[in-house]
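Chain and residue survey
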Amino acid sequence: MTLCALIAILTATQISEREIFLLEAAIVGQQVIETGITLPEMLELERNGVRRRAAFKTRDIEIPNQLVTVGREQQHGLRDSWKFEVAAYELDKLLGVGMVPVTVVRSIDDHQGAVIDWVDGVLPAFETSPEGFRLDEWEDEVATIWVFDYLAYNIDRTPDNLLITEGFEVRLIDHSRAFQRFVVPMRPLVRFPKRVIDALRILGADDFRSALGEYLTREELEALLERRKRVLERVDELLSKRAESEVLF
């Protein structure tokens, strides 16, 4: 294993202060969020005098007769699980994307689920030119979202779960229907964040299994590894025809 690979893995497995907060903070308030189909709870958490909100998801179901179609691919059966929320965060952390809120596994009232850091300071709507907005940077953000959503195969990305905060930072939420078993890109992939591609090249299959294997089935993990392979093949194909600056940013 190279030094770069070791650094990437150690960074991905470090427990941050925010993770510790979500794991250990006392619950001082709790209520059901009456939006969406998963009906998560909103938690009020407090630790060492600091209060923060978080979402708590426990839904973990199989819909065996559901036919899911994306492009020319189809699969029978749909899994809607809080475990995908954790897997999305671990994948984000592993690749250095930095868009998925901190998410941990915690048992509350005898129910195990995902505790997800609440996103504060969300802009009420997409604005023409919010403070901090630059078109070239936004194009890079969109390309990053498309690559991440393909790797995580999130079939449920909507304007409601793509949040823009003050300072124009992107936060991606609601991944309970991600990690489907499809392998063909759902959107055209033509530009890629270099940090993500570097991570995909450095990290091996065992690194992905170590980070995500607790939350994904064998088939879901193998599909992710196949998507990783296809992303790298697509990048190499484009680099053989174009300048690096046109492909990577």
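Treat the numbers as computed from the prediction; the structure is a model and nothing was measured.

Criteria and cut-off values
- Residues numbered from 1 in each chain as written.
- Predicted model: local features only at pLDDT ≥ 70, side-chain atom pairs only at ≥ 80, totals over all residues.
- Heavy atoms only, no water.
- pLDDT = per-residue confidence, 0-100.
- Contact = heavy atoms within 4.5 Å.
- Buried < 20%, exposed > 50% of the residue type's maximum accessible area, 1.4 Å probe, protein only.
- Helix = DSSP H or I, 4+ residues; strand = E, 2+ residues; numbered from the N terminus.
- Pairing = 2+ DSSP bridges.
- Salt bridge = Lys/Arg side-chain N within 4 Å of Asp/Glu carboxyl O.

Right, let's get into the confidence of the model for the protein. Across the protein, the average pLDDT comes to 91, with 90% of residues at 70 or higher. The low-confidence segment residues 1–6 (pLDDT under 50) makes seven contacts with residues lying over four places distant or belonging to another chain.

Let us look at the pairing of strand 7 (residues 111–117). Most of strand 7 sits inside the fold, with five of its seven residues counted as buried. Bridge analysis of strand 3 (residues 50–57) against strand 7 gives four bridges, and the strand direction is antiparallel. In the strand pairing of strand 7, Lys 57 is matched with Ala 114. Direction of pairing for strand 6 (residues 103–108) relative to strand 7: antiparallel, over a ladder of six bridges. Its bridge partner lying in strand 7, Val 105 is registered against Ala 114. In sequence, strand 6 turns back onto strand 7 through a hairpin of two residues, with Asp 109 there showing a positive phi of about 55°.

Relative to strand 2 (residues 41–47), strand 1 (residues 26–32) runs antiparallel, the two sharing six bridges. Note on strand 2: the bridge partner recorded for Val 32 is Glu 41. Two strands pair when backbone bridges link them, and strand 2 and strand 3 are joined in this way by seven bridges, in the antiparallel orientation. By the bridge assignment for strand 3, Glu 41 is matched with Phe 56. Taken together, strand 2 and the strand that follows it, strand 3, pair antiparallel across an intervening segment of two residues, in which Asn 48 is found at a positive phi of about 55°.

Next up on the list: the pattern of salt bridges. A side chain of one charge can pair with a side chain of the opposite charge when the charged atoms of the two come close. Under the definition given, this model contains 25 salt bridges. When salt bridges with common partners are traced through the structure, they connect Arg 18, Arg 52, Arg 53, Asp 117 and Asp 120 into a single cluster.

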